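Tertiary structure, described
Spelled out from the first residue to the last, the chains are:
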Amino acid sequence: MNKAVNDGVWSGTWVAERLGVELVGDDSLTDLLGLALRRNPKRAHLLVSNVLGKHVPQSPSVVYGHGFALGRRVRDLLGDAEAARAVVLGYAETATGLGHSVADGIALAPYLHSTRRPIPGITPAGGFEESHSHATSHLLLPEDPGLLAGEGPLVLVDDEFSTGNTILNTIRDLHARYPRRRYVVVALVDMRSPVDAGRLDDFAREIAARVDLVTAASGTVNLPEGVLEKGQALVARFEDTHPGARGTARPATNHPHPAINRVDLLWPRNLPDGGRHGFTPTHRIRLESALPTMAARLAEALPADATRVHILGFEELMYAPLRLARELEQVAQGIEVTYSTTTRSPVLAVDDAGYAIRTRLTFPAHDTPADGPGDRYAYNIAGAGFDTVVAVVDDTADTPELHSPDGLLAQLAAHTPHVVLAVIPSYTPERPPMLPEPLRGPAFSSYAPEDVGWLLQDLSDVTLEAPTEEREEAIQSGGAHYAESLPVEYQPSEQYQELFQAALKTSSARLAQAVGAVTELVLAERSPRPVLVSLARAGTPVGVLMRRWARFRHGLDLPHYAVSIVRGRGIDANALRWLAAHHDPADVVFVDGWTGKGAITRELADAVKEFEADGGATGFDPEIAVLADPGSCVRTYGTREDFLIPSACLNSTVSGLISRTVLRADLVGPDDFHGAKFYRELAGADVSVDFLDAVAARFPEVVEAVDDTVKELLAGDREPTWEGWAAVERISEEYGIHDVNLVKPGVGETTRVLLRRVPWKILARAGAGADLDHVRLLAEQRGVPVEEVAELPYTCVGLIHPKYTRGATGADGRAVGV
């Protein structure tokens, strides 16, 4: 029912004459658009597209051709190289099919459309509001969370560009998560006012990105003063006095016993029904090859005497019905095929040639929508003279409500002799095995439950500790991995505890400044809403402190988790799966206490790459944010000084009473988190919360210093030099060790050598002072020599005995031989 079908009268005449609304612009505007009214407190008039395939039945070739042509123009604008890096995003529900068609025209880019249908277990990768709409919440639910994380152009497709608010809201939300240099806005018509037209350029300058606009036609809508109130009054009057405005404006043909012919299209297995979760060029090729067979099956289901067949899609399900309709149109001889879809939008129906919405069918929602039951609509179907209507829905919508006496099928059957139902499988991404929720204190750890969620399993009831001698004998005799058992937890002497308290008192301000600096860098460069993921266990206190700083300085309540990473075995892949299912991987920031030579930095990068190669979610950034980066291994750090971090002085008693993580085949299955123990019995010696409180208490006094530090860091060169690794290689050769894995640089790593390993000697920078008091005490207790070195790049370095020494393990965690 385009302009010609409406008896040669422009389908906006009725509204224009009564409200004084004018369309001004390209000559093609009145061919593309009509006008209608709706009950809406924000905007009474509705621009009704004649070529979108939503409200107005139209030839599917016309509908598809408009979108495809826009896509070709985008490809010409971008060039093939950039088009291949692009992602196309369409808007639910009206522009899902248009966006698909644009993506087909580009041909090289994947497609995603927003949705108002949440899927349990699938975490949104973003969302935005449509300010003028009656239904505002749009979700982005890509199967691949990394789909939107690339740096290529983002092509946003909507049916009309009226104020630009929806587009700007989308770009603003996505740009904060996935900044990129270029956006292309695509619409059938650009109807912005002169004031709104300038906002897009201003916004592009604001985000420092290029924003292009591609449209089929342009113009503006001139609205006289008081048009909203006049429109609302007109809608109210017609709904009260014209029954057809609420239902059908033409008498129904009597078909009391509708015969619904169901056809199985043989939709290809695991082919998405649309772009709700992403639709790739490979999916497009599969669909193209399957369309002829599906269209043939549809043609066989039509009555032999059919001459006017209408394909009716379903809300967001626009593209699959459109492609079926276009294929049928090309192969069905002597049949006029048209296409439109049902909708959520309530629009006034007026049976007048000068009005875009002639008739309206109202029926109950039949897809158990998240926003609850409500009316749905099909426009311009009643009285159109179709002899067959083919309703195409997904299986989620094939419900009793669809088949009820007042449902869509019965409504269609009252207005056409034949109704055919085609049900397409609703594609839902496969979900990994259900993983448990994170462990939290006080049931697991001495931290408050909001401080951290442990993506671990509780092995507290399993005996895993062994004396060093027995443990190392097992490792060396059977090639056991260090993560398969636990060392006996070091119990600090009274003298050592006093050293810890003194160190905490003298270093808490310096520590607070480093916490503030690294947190500010994360917020400025990584994500405005980061998900902190500590590498258990040394990273956990740092993650909790970063979370406290974000709340103190910005009022943010950041999620924080702790995960296991094991040298030689990588990060816990199930923990990554859990994170991807509950958060956007692009928001995840891995956190650790410090870098030594950077082995864990490299381990994490390799583990994330392996996780993606095995089919895991993409988008995780493997670069660690650390408090101190003396090894120059990362870009995100609070300081590169090698100073004493008091939490490195102790083990579980400063880390929530949690052990080092455990990975053993008989305890940790393929679908389990790595394990750890909660040492409840050490509660009397626990200083975990005391440590946090002491550092957080210094936050107010270091704010100015943090700001200065961050300004300096943002302006400076922070590219990793890996000078720590070079120093370790030099020390390894100089001392005849010939294995960098047995050289542990920095205060933190040296402390670990003395607490957990079998140390050979300690190298200390001459004049290191109080930062090494606890190291000297531990070395004295264990009979380990401390050798002062004049030009040491670290404050200290711990050396593990290179041969036959219990505790000496290589890069793969196994014992080192001769």
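Residues numbered from 1 in each chain as written. Predicted model: local features only at pLDDT ≥ 70, side-chain atom pairs only at ≥ 80, totals over all residues. Heavy atoms only, no water.

1. A short note on the overall build of the protein chain
Each helix and strand in the protein chain was counted, giving 22 helices and 32 strands. The 818 residues of the protein chain split such that 60% are buried. At a minimum sequence separation of 6, the contacts of the protein chain that also span at least 24 residues come to 77%. For the protein chain, the accessible surface area stands at approximately 30,800 Å², while carbon and sulfur atoms represent 50% of it. (Helix = DSSP H or I, 4+ residues; strand = E, 2+ residues; numbered from the N terminus. Buried < 20%, exposed > 50% of the residue type's maximum accessible area, 1.4 Å probe, protein only. Contact = heavy atoms within 4.5 Å. Areas by Shrake-Rupley, 256 points an atom, 1.4 Å probe, with all protein chains shown as cover.)

2. A few points about the sheet that holds strand 10 (residues 210-222)
Strand pairs in the sheet, formed through backbone hydrogen bonds, run parallel or antiparallel to each other. Overall, mixed pairing links the 6 strands, which are arranged 1-10-9-8-4-5 in an open sheet. Taken across any chain shown, the strands that pair with only one partner, and hence form the sheet edges, are strand 1 (22-25) and strand 5 (111-113). Along the sheet, successive strands turn relative to each other by an average axial angle of 30°, direction set aside. As judged from the 7 bridges shared by strand 8 (residues 154-161) and strand 9 (residues 182-190), these two strands associate in the parallel manner. Within strand 9, the position partnered with Leu154 by the bridge is Tyr183. Most of the contacts of helix 5 (residues 96-106) go to strand 8, to which it runs at about 135°, and overall it touches strand 4 (87-90), strand 5, strand 8 and strand 9. Where helix 6 (residues 165-177) meets the sheet, its contacts fall on strand 4, strand 8 and strand 9, and the angle it forms with strand 8 comes to roughly 160°. (Pairing = 2+ DSSP bridges. Axes fitted to C-alpha atoms, helices over the stretch in contact; angles between N-to-C directions.)

3. Considerations on the pairing of strand 30 (residues 759-765)
When you tally the buried positions in strand 30, you get 5 out of 7 residues, the bulk of the element. Note: strand 30 against strand 32 (residues 796-800), 5 bridges, orientation antiparallel. Each bridged residue has a counterpart across the sheet, and for Ala764 the counterpart in strand 32 is Cys796. By the bridge criterion, 4 bridges tie strand 30 to strand 31 (residues 786-789) in an arrangement that is parallel. Counterpart to Ala764 in the pairing with strand 31 is Glu788. Between the parallel elements strand 30 and strand 31, the chain passes through helix 22 (residues 773-782) in a crossover that is right-handed. (Right-handed = clockwise from strand over helix to strand, strands pointing away.)

4. Overview of the packing of helix 14 (residues 494-526) against helix 15 (residues 539-554)
Running from N to C, helix 14 and helix 15 point in directions that differ by 75°, and their axes come no closer than 9 Å. The angle between the axes of helix 14 and helix 15 places the two elements in the roughly perpendicular class. For the pair helix 14 and helix 15, contact is made by Ala512, Val515, Gly516, Val518, Thr519, Glu520, Val522 and Leu523 and by Leu545, Met546, Trp549, Ala550, Arg553 and His554, respectively. Classifying every residue of the contact of helix 14 with helix 15 gives 9 nonpolar, 3 polar and 2 charged. (Parallel < 35°, antiparallel > 145°, perpendicular 65-115°, else oblique. Nonpolar A, V, L, I, M, F, W, Y, C, P; charged D, E, K, R; others polar.)

5. Considering the confidence of the model for the protein chain
Mean pLDDT over the protein chain works out to 85, with 89% of the residues at or above the 70 mark. For residues 1-5, every residue scores under 50 in pLDDT, and the model assigns this stretch 16 contacts once sequence neighbours within four places are set aside. pLDDT under 50 marks residues 471-478. Its contacts with residues more than four places away, or in other chains, come to 19 contacts. (pLDDT = per-residue confidence, 0-100.)

6. Regarding helix 16 (residues 573-582)
Of all the residues in helix 16, the buried ones are Asn574, Ala575, Leu576, Trp578, Leu579 and Ala580. At its buried positions, helix 16 is contacted by strand 22 (531-536), strand 23 (560-566), strand 24 (570-571), strand 25 (588-594) and helix 17 (599-613). The N-capping residue of helix 16, defined by a side-chain oxygen 3.0 Å from the backbone nitrogen of Asn574, is Asp572. (Polar contact = N/O pair within 3.5 Å; in protein donor to acceptor, adjacent residues only side chain to side chain.)

7. Points about the nonpolar core
With 135 residues, the main nonpolar core has Leu37, Val155, Val186, Ile311, Tyr355 and Leu412 as its most contacted residues. Beyond its immediate sequence surroundings of up to four residues, Val155 is in contact with Val74, Leu78, Ala86, Val87, Val88, Leu89, Ile106, Val184 and Val186. Ranked by size, the runner-up nonpolar core spans 99 residues in total, among them Tyr496, Val531, Tyr637 and Leu755. (Core = buried A, V, L, I, M, F, W, Y, C linked by side-chain atoms within 4.5 Å.)

8. A word on the side chain of Ser507
Here Ser507 lies in helix 14. Owing to a relative accessible area of 3%, Ser507 belongs among the buried residues under this scheme. With sequence-adjacent residues up to four places away left out, Ser507 is seen in contact with Leu644 and Pro646.

9. Notes on the environment of Leu98
Secondary-structure assignment places Leu98 in helix 5. Residue Leu98 is classed as buried on the basis of its relative accessible area of 6%. Note: C-alpha distance between Leu98 and Lys54 (44 residues apart in sequence) is 10.0 Å. Excluding residues within four positions of it along the chain, Leu98 makes contact with Leu52, Gly67, Val157, Asp158, Asp159 and Leu188.

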